[in-house]
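# Structural overview for review
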Amino acid sequence: MESRLAERPGQCSSGSTPGKAGGGQGKPVCKYGNQCYRKNPMHFQEYAHPDRDNKDTAEIEMQPPVTKKAKTESTSMPSTSASTSTSSDGTTAEIKPPASSPASGVSSPLFYLTKVRGIPDYYNNPNMATGIKDILSPSMGELVASAQFNYMFDIPWLMQQYPESKRNMPLLIVHGEQREGLIRLKTEAKPFPNIKLFQAKLEIMFGTHHSKMMLIAYKEGMRVVIHTANLIAKDWDQKTQGVWISPVFHQLTSAAASQTSAEGTGFKQDLLDYLQAYGGTALNEWKQRLKEHDLSSARVRLIASVPGAHTGANMHKWGHLKLRKVLLQHGPPSSSVDEHWPVVGQFSSIGSLGPSSQQWLSSEWLLSLSTNGRKEAGAAVTMRKYPNLQLVRAGILYYLHGYGLAALE
């Protein structure tokens, strides 16, 4: 999931065509003229902007988006004022910034998007956006240990995201690296004696450890964070990621911890089952921590995916079949669901969808996601959206947005 800045209505003319710049060394003139809002240096290298001071433009082109934007227009929007936005159909709507909130840390909501450098400040308001340093901040709790589950790691960068006083605390890295990737990870971890590596065993050839989760232990309890970002700098800089942050789970009394009765929504058992699926002993400490804490304030279910062929009772324990089961049990009654409502799925990447869409995407997957309480839904219409050239060009990273996009026939 990547962020982009949409074109600002009223600032471009779709009928205009680029001309040749008199002072732009033969580059086409940007069709947006003096109302160009682009910030990416690649755009300024490709198109001329004759309305700008030449000596200042050269300086702007070489600067990162935030600095360059500060030269061309203000990035901030007062938190107490409102602005208007005009859509492509000509309608105008008032945009009200979020209410004021603390300058740092994470406030009361549980789901956030990540902060994105180079966009208007009010989109990065702590009421709806957070960063990795915010998540690991002392304002969240007195950190004593953590476990990071992820697909990609940059360990030196990750250590810089922890508060300086906490960089020597126990850290477990759960990964799926093999061969050269494993050698690199071990090399990066070597300067940090507090880090332990745990390699997830992948039982099938195409299995991937794509989980992105943090388990954080505090003096006052523990927290679970589930997100969509790799633990590398660029995923937390100018890409939009999703982050779910649990409340602080407090420790149970000895008597309560010894009880095995179901707790809350079942989130605790979901998570314990998932950690158990890793096998080995490296996660035993964290499984014990979970058992000793009250997770009933997490009003969610965990839908985890575990590579392998699952049969019998395990068939509905993982992936979209687990989601189907949860929706049957807890979804809204079919009487309150409109059969024409679309099912929306967002993907950062697409593997195999089967020989045809009817053989998996529009059958198994769609059935699971359209299930509601007491009823498995029938076939529904699927709509697919795919980034086109203009969407890629309009993104904050310009063409770098599109390097991973597969070509469509």
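Remember, predicted model here, so these are calculated numbers, not experimental data.

It is worth spelling out the overall build of the protein at this point. When you go through the protein residue by residue, the secondary structure sums to 12 helices and 10 strands. Per-residue burial for the protein yields a buried fraction of 39% across its 409 residues. Put simply, of all contacts in the protein between residues at least 6 apart along the chain, 64% involve residues at least 24 apart. Roughly 23000 Å² of accessible area belongs to the protein as shown, and the carbon and sulfur atoms make up 54% of that amount.

In this section: the sheet that holds strand β10 (residues 242-245). The strands making up a sheet associate through backbone hydrogen bonding, with each pair oriented either parallel or antiparallel. The mixed open sheet is built from eight strands, whose spatial order is β4-β3-β10-β9-β8-β5-β6-β7. The open sheet is flanked by β4 (129-130) and β7 (195-199), the only strands paired with a single partner. This element, helix α6 (residues 179-189), spans β6 (171-175) and β7 of the sheet and lies at about 165° to β7. The sheet strands contacting helix α8 (residues 267-276) are β5 (143-149), β8 (213-218), β9 (221-227) and β10, and the helix crosses β8 at an angle near 110°.

Right, let's get into helix α10 (residues 319-330). With 12 residues, α10 should cover 16 Å at 1.5 Å per step; its first-to-last C-alpha distance of 17 Å lies within 8% of that length. Turning to α10, its buried residues are H320, L321, K322, R324 and V326. Check the buried side of α10 and you find it contacts α8 and α11 (361-369).

Under the definition given, this model contains nine salt bridges. Salt-bridge contacts for D237 lead to R117; the nearest nitrogen and oxygen are separated by 2.7 Å. In this pair, D237 sits in the loop between β9 and β10 while R117 sits in the loop between β3 (111-114) and β4, placing the two residues 120 residues apart along the sequence. By relative accessible area, R117 is classed as partly exposed at 31%. Of the charged contacts, one joins R184 and E188 as a salt bridge, the two residues approaching to 3.0 Å between their closest N and O atoms. Separated by four residues within a single helix, R184 and E188 lie in helix α6, roughly one turn from each other. Classification of E188 by relative accessible area gives buried; the value is 18%. Sharing partners across several salt bridges, the network here consists of E177, R184 and E188.

Further remarks concern the nonpolar core. Core analysis: the biggest nonpolar cluster contains 29 residues, and F149, L215, F267, L271 and L275 have the highest contact counts within it. For this core, the secondary structure elements donating two or more residues are β5, β6, β8, β9, α8 and α9 (284-291). Looking at this core element by element, the count peaks at five residues for α8.

Looking at the element boundaries, T371 is found in the loop between α11 and α12 (389-394). At 2.7 Å, the side chain of T371 and the backbone oxygen of L367 are in polar contact.

A few words on α11. Taken as a whole, α11 has its buried residues at L361, S362, W365, L366 and S368. Along α11, the residues classed as buried sweep out an arc of 160° about the axis, all on the same side. In this structure, the buried side of α11 is in contact with α10.

Another point: the confidence of the model for the protein. Segments scoring low in pLDDT should not have their predicted coordinates read at a detailed level. Overall, the predicted model of the protein reaches an average pLDDT of 77, with 67% of residues at or above 70. The low-confidence segment residues 1-24 (pLDDT under 50) makes 55 contacts with residues lying over four places distant or belonging to another chain.

Thresholds applied
Residues numbered from 1 in each chain as written. Predicted model: local features only at pLDDT ≥ 70, side-chain atom pairs only at ≥ 80, totals over all residues. Heavy atoms only, no water. Helix = DSSP H or I, 4+ residues; strand = E, 2+ residues; numbered from the N terminus. Buried < 20%, exposed > 50% of the residue type's maximum accessible area, 1.4 Å probe, protein only. Contact = heavy atoms within 4.5 Å. Areas by Shrake-Rupley, 256 points an atom, 1.4 Å probe, with all protein chains shown as cover. Pairing = 2+ DSSP bridges. Axes fitted to C-alpha atoms, helices over the stretch in contact; angles between N-to-C directions. Expected span 1.5 Å × (residues − 1). Salt bridge = Lys/Arg side-chain N within 4 Å of Asp/Glu carboxyl O. Core = buried A, V, L, I, M, F, W, Y, C linked by side-chain atoms within 4.5 Å. Polar contact = N/O pair within 3.5 Å; in protein donor to acceptor, adjacent residues only side chain to side chain. Arc of directions from axis to C-beta. pLDDT = per-residue confidence, 0-100.

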